[in-house]
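Letter by letter, the chains look like this.
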Amino acid sequence: MNYSHRLFANVLLALLLLAVSTALPAASPMIGRTADDFALKGMDGANHRLSELRGQVVMVNFWATWCGPCREEMPPMNALYQRYKSLGFTVLGVNIDDAQAGAEKMAKKLGVSYPILFDTDKKVSKQYKVSGMPTTVIIDRNGKVRHVHFGYKKGYMDNYQKEVRSLLAERG
Amino acid sequence: MKAFLRSILFFLVVLSVSTGFAADEVTVEQPQATASALDGEVQTLKQDVLDLNKELFILEEELLFPSNTQVAIFISMDVGEFFNLDSVQIKLNDKMVANYLYTPREVKALHRGGTHRIYMGNLPAGEHELIAFFTGTGPNERDFKRGTEMIVKKDIGPKMVELKISDRKTKHQADFVVKEW
């Protein structure tokens, strides 16, 4: 193999590696770290604090009324909550709309039974560096972030279920 | 040449396998002794890490909040029958320094005599304006917001201020009592 052929092969390999590395999703820096604590007013009128849920597996789902995929994922997410809540699993639906009324109406319309919290001043979504909707953060019983998911497509809920089941099976 | 290289390779393979067996023999003889020694070392390391963590925490507090400029504000409740606390905001010299939402569990803890350190910071010596706002539900489940204002005189040494929410049974409403330690 002469020099030009070797050079071409090396360049092709480098381009291939670059393409693969950019195609792979970057792991969130939150994974493995203790989830940032927060307290927000809930739709039930009470204040909810994340650290009080230590000992449970918690799924924090950031959503908005203008987000189509959010509306699509909330009913199956509610089903997941109903299925596993007795085993120590809960979901916190953190809404980031400027006004609560629209979010309340939508949550009721979708038949959501897990706690809906209001982050109207976007303080918590900034804390969690939420860059797109929906963003789902799954926290283990020890308060550590174990999975972070961006967006929602059909089939994602199966993955969430596997992750939740795995975390529920872990000893604290 | 090829035969020579093959014989060298064969010799190296035999040597590596024999040392592997020897290593296995060594490990088979002393597994229990090394395991218990390792357990002891791990326990010692864990204790060292905990002690170091504690020292770092104390050092961090002393560096960030040295006692000569330290100011701490505490919230407490006395009975709380006529005021169900929802949140507290604290302003120092017109700057919001704390905004805390209380959960039902935390309110229960306050009712039972707990004290919450809502703010710790640094202030230079002199007079400083402290304003506290309390939000909650008063009698008949009505939303209630009350404020209190005071001047904090900061000297050399730590300053601690307690804001107590106290029932005034004669007026059937909560009263906010400020106490400096």
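That block above? That's the structure.
Predicted, not measured: the structure shown is a model, and the values here were computed from it.

Points about the interface of chain B and chain A
Opposite the six residues of chain B that make contact, chain A presents seven residues. For the side of chain B that touches chain A, the class distribution of residues is three nonpolar, one polar and two charged.

Let's talk about the sheet that holds strand 1 (residues 39-42) of chain A
Residue and element names in this part refer to chain A. Reading across from one edge, 2-1-5-4-3-6-7 is the order of the seven strands in this open sheet, with mixed pairing throughout. Two strands in the sheet have a free side with no partner beyond their single neighbour: strand 2 (47-49) and strand 7 (145-150). Across the sheet, the mean angle from the axis of one strand to that of its neighbour is 30°, orientation sign disregarded. Judged from the two bridges that link them, strand 1 and strand 5 (residues 116-118) form a sheet pairing that is antiparallel. The residue bridging K41 from the neighbouring strand is F118, located in strand 5. Packed on one face of the sheet, helix 5 (residues 156-169) meets strand 3 (57-63), strand 4 (89-95), strand 6 (135-139) and strand 7 and runs near 150° to strand 3.

Digging into the sheet that holds strand 3 (residues 95-101) of chain B
All names here are of chain B. Pairing is antiparallel across the open sheet formed by four strands, whose spatial order is 3-2-5-6. Single-partner strands in this sheet number two, and they are strand 3 and strand 6 (143-154). Adjacent strand axes in the sheet meet at a mean angle of 20° when their direction is disregarded. As paired strands, strand 2 (residues 84-92) and strand 5 (residues 126-137) are joined by eight bridges and run antiparallel to one another. When the bridges of strand 5 are listed, I90 appears paired with A132.

Points about helix 2 (residues 68-84) of chain A
All names here are of chain A. Its 17 residues place the ends of helix 2 25 Å apart at the C-alpha level, agreeing with the 24 Å of an ideal helix rising 1.5 Å per residue. The set of residues buried in helix 2 consists of C70, E73, M74, M77 and L80. Contacts made by the buried residues of helix 2 are with strand 3, strand 4 and helix 5.

What to know about the nonpolar core
Residues and elements named next belong to chain A. Judged by nonpolar contacts, the single largest core of 34 residues is most densely connected at V58, V60, V94, V137, I139 and V164. Of all elements in the fold, only strand 1, strand 3, helix 2, strand 4, helix 3 (100-109), strand 5, strand 6 and helix 5 reach the threshold of two or more residues within this core. For this core, the leading source of residues is strand 3, giving six residues.

Reading guide: rules and limits
Residues numbered from 1 in each chain as written. Chains lettered and ligands numbered in written order. Predicted model: local features only at pLDDT ≥ 70, side-chain atom pairs only at ≥ 80, totals over all residues. Contact = placed C-beta atoms within 7 Å. Nonpolar A, V, L, I, M, F, W, Y, C, P; charged D, E, K, R; others polar. Pairing = 2+ DSSP bridges. Helix = DSSP H or I, 4+ residues; strand = E, 2+ residues; numbered from the N terminus. Axes fitted to C-alpha atoms, helices over the stretch in contact; angles between N-to-C directions. Expected span 1.5 Å × (residues − 1). Buried ≥ 20, exposed ≤ 12 C-beta atoms within 10 Å, placed from the backbone. Core = buried A, V, L, I, M, F, W, Y, C linked by C-beta atoms within 7 Å.

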